[in-house]
Amino acid sequence: MTFKHPPEIGSIYRNSTNLQFRVLKIAHIEHDPWIEYENIETKQHYSCRLPAFLERFRYVQPYRPWLTN
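This one's a predicted model, so the numbers in the text were calculated from it and none came from an experiment.

**Q** Tell me about the sheet that holds strand β1 (residues 12-14), residues and numbers included.
**A** On the basis of which strands lie adjacent, the open sheet formed by 5 strands has the order β4-β3-β2-β1-β5 and antiparallel pairing. A strand with exactly one partner marks an edge of an open sheet, and here the two such strands are β4 (45-49) and β5 (58-61). Strand-to-strand twist of the sheet, defined as the mean angle between neighbouring strand axes without regard to direction, takes the value 40°.

Right, here's the structure in full:
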């Protein structure tokens, strides 16, 4: 499975309620792409299949550590 624009580590995505999440890791488990991400505010970690993530979240911005507090 290939994606036209796969998420980059550290990029920021937003869900339907405008909560922001940072991509932590993308892994292929038995040829199935999974993504690990965290809620930026609470630091709670999550993981799911990459296609499901891309359906539920929209891209906000790339990770720019020099802009964070």
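And the narrative resumes.
**Q** Give a description of the side chain of N15 that names residues and reports values.
**A** Position of N15 relative to the elements: it lies in the loop between β1 and β2 (20-29). Looking at N15, its side chain comes within polar contact range of the main-chain nitrogen of T17, at 2.9 Å.

**Q** Explain the pattern of salt bridges residue by residue, including any values.
**A** Enumeration over the complete set of coordinates arrives at 2 salt bridges. Residue E38 pairs with R22 through a salt bridge whose shortest N-O separation is 3.2 Å. Pair noted here: E38 is in strand β3 (residues 32-39) and R22 is in strand β2, with a separation of 16 residues, a long-range link. Residues E38 and R22 agree in their burial class; the two are buried. Between D32 and R49 there is a salt bridge; the shortest N-O distance is 3.0 Å. Of the two residues, D32 is situated in strand β3 and R49 in strand β4; the sequence distance between them amounts to 17 residues. For R49, a relative accessible area of 33% translates into the label partly exposed.

**Q** Could you give an account of unusual backbone geometry, naming the residues involved and the relevant values?
**A** One non-glycine residue, N18, adopts positive backbone phi at about 70°. Residue placement: N18 occurs in the loop between β1 and β2.

**Q** How would you summarise the pairing of β3 if you had to cite specific residues and measurements?
**A** Sheet topology note: the β2/β3 ladder contains 8 bridges and is antiparallel. Among the inter-strand pairings, I29 is bridged to a residue of β3, identified as D32. In sequence, β2 turns back onto β3 through a hairpin of 2 residues, with E30 there showing a positive phi of about 50°. Across 5 bridges, β3 lies against β4 in antiparallel orientation. By the bridge assignment for β4, E38 is matched with H45. Connecting β3 to the next strand, β4, in antiparallel fashion are 5 residues, including K43 with a positive phi near 70°.

Cut-off values and rules
Residues numbered from 1 in each chain as written. Predicted model: local features only at pLDDT ≥ 70, side-chain atom pairs only at ≥ 80, totals over all residues. Heavy atoms only, no water. Pairing = 2+ DSSP bridges. Helix = DSSP H or I, 4+ residues; strand = E, 2+ residues; numbered from the N terminus. Axes fitted to C-alpha atoms, helices over the stretch in contact; angles between N-to-C directions. Polar contact = N/O pair within 3.5 Å; in protein donor to acceptor, adjacent residues only side chain to side chain. Salt bridge = Lys/Arg side-chain N within 4 Å of Asp/Glu carboxyl O. Buried < 20%, exposed > 50% of the residue type's maximum accessible area, 1.4 Å probe, protein only.

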